[in-house]
Structure formats: structure tokens, C-alpha cells
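# A structural walkthrough
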Amino acid sequence: SAEARFFDLFVPLCQRVFGEISTKDYRHEIGGWLSRTTRWERTTSATKSPSRPYGSIKSSQQNSIRSDPVVKLLGASTRATTGPSNDQGPVPLIAAFAKEAEYRDNVRYEFPFLGLPKPVQEDWLAMIQIGLGGVAPDNRQPSRNLTLLLGSLFRVNPVGQTKLIVYQQAKVQKKDQKRPLQLGSHLYSSPNKLYSPNGPGTPVMQNQEKADAPPSVFLSMLEYYLVVFIRYPLATPETQAATASSSASAPRIGSIHRSPYLSSRNVEPYGETVYYELFTQYINYYVPVRGSRRGNFEFASLQRPSELFVRITMALWLEGQNELAPTATACAALQQRRGPDVSLDLDASFDLVKATYRAPPKQVVRCLHSLVLKVVADSTLADVAEHVRKDLKGRSLDFLCLSKTMEIMQQPFFNHIRNVFRHASMHSKDSIFHSTMNDWLAWLEPWNTQYYSTKNTVRGTVSRSSKDRSPTQARYVQPKATQSSRYTPDWEAYIASNLHFYTVPLALFLRRARELDFSPAVHQKSLEIVMKVFRVYSKDVVAVINRLLQERRNGVRGDSSSPAPSVVNYVGMVKKHEHNLGSFAPPEVFLSLSSLRNDVHNLLEEMYLQHLKNVEKLDFLDRAIAAIEGAFGSGQSKKRRTGSSRHYGEGESDLWLSK
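All residue numbers here refer to positions counted from 1 along the written sequence of the relevant chain. Local features in this predicted model are restricted to residues whose pLDDT is 70 or higher, and side-chain atom pairs enter the listing and the counts only when it is 80 or higher, whereas totals over whole chains, interfaces and linings include all residues. Think of the side-chain values as coming from all heavy atoms in the structure, minus any hydrogens and water.

Between two aromatic rings, the relevant description is the distance of the centres plus the angle of the planes. Here the aromatic set is Phe, Tyr and Trp, taking the six-membered ring for Trp, and pairing holds for ring centres within 6.5 Å; pairs whose planes are under 30 degrees apart are stacked, those over 60 apart are edge-to-face, and all others are tilted. Enumeration over the complete set of coordinates arrives at 31 aromatic pairs. Plain terms: the ring middles of F6 and F97 are 6.2 Å apart, the flat faces sit at 25° to each other, and that makes the pair stacked. Of this pair, F6 sits in helix α1 (residues 2-18) while F97 sits in helix α3 (residues 93-103), and the two are 91 residues apart along the sequence. Partly exposed residues are those whose accessible area sits between 20% and 50% of the maximum for their type, while under 20% is buried and over 50% is exposed, using a 1.4 Å probe and protein chains only. A residue is classified by how much of its surface remains accessible, and F6, at 23% relative accessible area, is partly exposed. Each ring is checked for a lysine NZ or an arginine CZ that lies within 6 Å of its centre and within 35 degrees of its normal; such an atom marks a charge sitting over the ring. In this arrangement the basic side chain of R36 is found over the ring face of Y270, its NZ or CZ atom lying 5.9 Å from the centre. Runs of E in the DSSP output that reach at least two residues are strands. Runs of H or I that reach at least four are helices, and both are numbered from the N terminus.

Here is the structure:
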């Protein structure tokens, strides 16, 4: 039947798009469409240069990347703004994958388990081990995200992952664990037939598995495609190292005479351009974001395909690349090194990042940036935050002013920022440190989102008129380093829902910012980096952070006094935020911005000492430092600053440094 042929062609299609997965290193082999570095040959009416990167072609719809055959085959309609089911028009192929996974849940495809990132492997094997009645190695606790993926979202639950069970049992036997392992009762479910990856066929039963066989994880059609697609930037073929002999054997497409798989300088590879366009279309298709509609006091729910997309992205790109130690483990290690009385305040944030670091590929960084800008542009953030402040005074709030997508992203993105700020180099403009800093700042300031009506009238988020129902398109606009904050008190609930995003990464940045080069040649660029961060912390924002930290302190002490009916109680919201951060939330001690006094002092002193070598430009330094002191309430005069470097950092106001 046509459906059976569709099942049979699915894996060959994936191999044609991405390239086959090597059984040696589990990277994709050269030959897939996305490994090409040059675009498809066009007709004579199109562009003349076949090597011109697709990303630079904007002259016509014919030459647009959206008209590319691979994008047209695998893309998703950008008209869908609240989920796949709201799309109209022809059903995208990716939507057909989802429908087949829903209605033909007995069709399974095998993905090589060892091709997944190591932390993902260990978490899923820990789940299998716990389900078998054993104890995970080192008492490992799988992440909430990975637990939900394998435990409930994937069509095949742990009891159906027969190859993983056999693989884990073999590992246990090698460690001489003689205790028989049985599946826990919570993992039992109705039996499912597991089919081979080439479509319907003989069911794969557990007693047919061999302990020495390469382990595989069984996935539905949509799950398989999303895993392969999202994993691809982590396992791209080494096209730069391809030799002429290897390229000669690669299939020739169209009439391009040189190998389409050999990259050239200063040209974005065709495959990267296509991949970025596909990812952009997928986040528009899967991530529900509302426009300027008013009165939306509830965030859009995530359908199963959308949740799969977001969680797989977080699992492979963030959780799977760098594994951080939980806060309790990091605190114990710090106390062992420096004694039990060591401070665990915000100034210890730098030392509490205990992890190995591996920078993600640039394609991942680029796509992650698009995802962050997408989620912060949700107008429901402004609607809910405004509703909380105006209508929920005196109530205990046990929810987050975050969309479902942002809730899923919060913990892995928080750890990603911490790890990059702790380990990444900041001396190159192309470093992931600066791109991650921009993502962090966008997350901190969703109030920089602007909405463009059909009449091209720009309106802010909270301030837009409730009577204006004209259709608009949200877009986050990154502010300049010298631009004043657009924060209004209506956003207090959002700050409470992300409190530790405003404190912990700031502590890490202040510690690392001293490494910036403030010499005359690049002093202005370095100062702009500092100002981009400091401009976020206006007096109003700092006052809210201090108040929330004080309320958190009262909660830690057990002070259960009810707030006045005229104010909003954010204690429950902060607790919900810390619960969402899980084992990576800051220590349960009183946290204060005043603990960062020395880091602020050292940074300002470094800026001043470096600039003594360039006295003629001291006016710019004075203006920059005056702006910093205005943001953080430092009350020093120009005379005092220029008198001696030792005065820097002294005299900060109670607002910024109060206990």
C-alpha cells in the first residue's frame, strides 16, 4: 500500500537528507543534502554564480532560500503561530510524520543509542537501571527533561526499549551485580509490537536481542526525524577535511562540476543555510507565541509534537553537551577546599560552577539565539505580568509568568549561561561568550519587544492600547549600550519568575569582566560590553531584585507573615522558580547583591587603571562610569575618581549594596 511504501521510504529519505550515520564515530557521512557547501544549480534566469551562498540571495522569491527544493520538501508553514493544528493549507511533510506517529504507533525506527550525547545515554540508562530495581551508578538522578522524554513523551516507554534493557543488563553483569533485576511495577504497560526500522515487518521481541548487539533506542517516525534533525549540527560530516578522492566518489547533483561537498572560504555552506531556514520554520511552527492580542491571561498549551521539539532541543544541545554538578555537590566541594565557613552568597557563584566545558557548534549557537528571541517576544508575558500586578494583590502565587516553552528551557538555559560565563573565552568577538550574553540579556528584558502593526506603527508591549486590535508581528529589538531601560513595574512578576537569572549570571559576568581589554585600542568596545549589561540594572530593577531577595530570605527563615492586601506576594512565584531550577537552584542561604561589592570595585578599578594610559580619552571614561554609578547607585564625584584608583568601588549606595 501507499502507507507501507511511505514507511519504507522514511529512513532512506533521512539518509538522503542528512547522510548515513557512521557505525564508527556515529557522525553523518558526506553525501547528504545538508552536507553540501554549494547550492543546487539554478536555471539561466536565476543567479549566474552557482557558488553564491543562498543566505545572501534576497532579490526575488525564486532565488529565496524558501524556494529551495529541500526547504520546500521538509519545511513547515510559517503561518502557524499557535501550533501545528492551527496551520492551514497543504500539510507539511513533518506534520505527516506526526500523524503517522499518532495513528500508527506500532511502527518503530531504531536510532543508534551510542550516537546520542554521553549525558543523555547515562540518564536514560539510569532510568532503565532504576526501573529494573537496581541503583543507578553514583546514585545518578536523571534530569527532569530527559525523564519526561523517555518516560512519557516517547511512544515507546522504558519497558518497550528492549535493546536498552539488554544492554543495561549486560553492563550490570560485567560489574558482578548478582542480584536479579526485575522491572519496577511503575514501568509495566500494555505490550506493543516493535517493528524494524525499514517499516512493518517481524516484531522485535526482547528474547531475540543479543547482549553484544549495538544498542538502539526505538522511536516513532516524528521522534526519529526530530532526533536526527536536532542532533545534526553536533554530528556533521567533516567536509573541510574531505579529499578530492572522497569527493569524486560523492554523488553528483545537477551539472555542478566541482564537488558540492567541499567548502570554500568566506562562503556560508549551503547546508548550513538550509538547516537554519528549516530550524527557523520549525520554531515558528512548533513554538506557540501570541501576537498583540490583549486579555490573554493564560499561556498557550504545548501539543505533544511541540513539546517533543523543545525538549529534544534542550536535551541534545544543552543538557547533552555540558554536565554541571548540582548545587549541593558544588557547595560541598567548595567547603572542603576552603572550610565549612566559606560564604555561599552570590560572590561564590563563580566557584559553584563545577563542570567540564565543551563549546557547542556555531550552528547550535545561531539557532539557539533565534529560539530565545522567539520565546521572549510572546505578548502573553506582558499580559500575564500586568494582570498579576493589577488584579492579584494580596494573593499567594504558585505559578510562573512564563510560557510552557520557557518553563522547559529555564533550567538547561540557566546552566548553559553559567557554564559559558565561567569557562568560555571572551577575547574574541566571535566567542560564544558574547552570543550567550546577548541571549541572556534578551531573556532578562522581554519588555524590549516591539509590535509592528500593518500601518508600521511601533508600539511597546505593556504600553500598547487595549483598544487597538490591528494585527501585528512581535519582534525583539536589542537595545544599544547607552539606551535607557524600558522597564515598568508591570513586569515584577516576570522578574520574580526568573529571579536567579538576574543574580547568578550577573555575579559570573562581574568576575569575568575584568578580563576585558580596556587598553586605548579597544577601550570603547570593552566599555560597551560592560554597559550593555549594566543598563539592564536600572534603579527600579535593582529595587525589585533586592525586595524579592529579602522576601526569599524571610521565606528561608520561616517567616509566614501575610503580605498587605495592597501588594503582590511573589514568595510562591520565587519558590516555583527555584523548584523549576531543581538541584541547580542557588543555595538556601540569604543572597544579597551587596556580596558583589568587591567584584564591582575591582571592575571599576581595572577600567580606571587601564585608562590612565589614555588620559585624553578620560572624558569618555567619566561618562561611562557615571552611567554605571547611576545604574547601581554609586555616589562618587569626578574629583574623587581621578584622584586615586583606590577610591574606586567605594561609596556605593544602599540600593545596590545594602545588606
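With that out of the way, let us pick up the confidence of the model for the chain. Along the chain, pLDDT gives the predictor's confidence residue by residue, from 0 to 100. This prediction gives the chain a mean pLDDT of 78; 71% of its residues lie at or above 70. Should any heavy atoms of two residues lie within 4.5 Å, those residues are counted as being in contact. Counted against residues more than four places away or in other chains, residues 180-208, with its pLDDT under 50, gives 56 contacts. Within the model, the stretch residues 454-471 combines pLDDT values under 50 with 44 contacts to residues more than four positions away or in other chains.

Quick look at the side chain of T436 now. Mapped onto the elements, T436 comes out in helix α15 (residues 432-444). Beyond its immediate chain neighbours, meaning those up to four positions away, T436 contacts H416, I417, V420 and F421.

Of all hydrophobic cores here, the largest spans 160 residues; its most connected members are Y225 and W440. Sequence-distant contacts of W440, defined by excluding residues within four places in its chain, comprise F413, I417, F421, F501, P505, L506, V533 and Y537. In this structure, L334, V342, L344 and L352 belong to the second largest nonpolar core, which totals 7 residues. Working definition of a nonpolar core: buried Ala, Val, Leu, Ile, Met, Phe, Trp, Tyr and Cys residues. They are joined through side-chain atoms within 4.5 Å.

Attention shifts here to the packing of helix α10 (residues 304-319) against helix α12 (residues 362-376). Every angle, taken between N-to-C directions, lies between 0 and 180 degrees, and every axis is a line fitted to C-alpha atoms, over only the stretch in contact when it is a helix. For the pair α10 and α12, the least separation of the axes is 12 Å and the interaxial angle reads 135°. Our classification of the angle between α10 and α12 gives oblique. Here the hand of the crossing between α10 and α12 comes out left-handed. On the side of α10, the interface is formed by T313, M314, W317 and L318, while α12 contributes V364, C367, L368 and L371. To sort the angles, those under 35 degrees are grouped as roughly parallel, those over 145 as roughly antiparallel, those from 65 to 115 as roughly perpendicular, and the leftovers as oblique. Left-handed describes a crossing in which the near helix is turned anticlockwise from the far one by less than a right angle; the clockwise case is right-handed.

We now examine the environment of R511. Looking at where R511 falls in the secondary structure, it is placed in helix α17 (residues 504-512). Judged by relative accessible area, R511 falls into the partly exposed class, the value being 27%. Spatially, the C-alpha atoms of R511 and R422 are 8.9 Å apart, while their sequence positions differ by 89 residues. If we ignore the near neighbours within four places in the chain, the residues touching R511 are D347, F350 and D599. Residues adjacent in sequence count toward polar contacts only when both atoms are side-chain atoms; beyond that, a polar contact is any pair of N or O atoms within 3.5 Å, and within protein one must be able to donate a hydrogen and the other to accept it. Looking at R511, its side chain comes within polar contact range of the main-chain oxygen of D347, at 2.8 Å.

Attention shifts here to the environment of E20. Inspection of the secondary structure puts E20 in the loop between α1 and α2 (69-74). In this structure E20 comes out as partly exposed when scored by relative accessible area, which is 45%. For E20 and P237, which are 217 residues apart along the polypeptide, the C-alpha to C-alpha distance reads 9.9 Å. When residues no more than four places from it in sequence are discounted, the contact partners of E20 are Q15, R27, H28 and E29.

Turning our attention to α1. One less than the residue count of a helix, multiplied by 1.5 Å, gives the span that helix is expected to have. Taking 1.5 Å per residue, 17 residues should reach 24 Å; α1 reaches 24 Å between its end C-alpha atoms and fits that length. What is called the bend at a residue is the angle between a pair of axes, fitted to the seven residues leading up to and ending at it and to the seven starting from it. At L9, α1 is bent by approximately 35°, the largest bend along its length, and proline P12 sits one to four residues beyond. All of the buried residues along α1 are F7, F10, V11, C14, V17 and F18. Its buried side turned inward, α1 meets α2, α3, β1 (109-112) and α7 (221-231). Just downstream of α1 lies G19, where phi reads positive at about 95°.

With respect to the helices, strands and loops of the structure, G32 is situated in the loop between α1 and α2. A residue is classified by how much of its surface remains accessible, and G32, at 0% relative accessible area, is buried. Residues G32 and T236, 204 residues apart in the sequence, show an inter-C-alpha distance of 9.9 Å.

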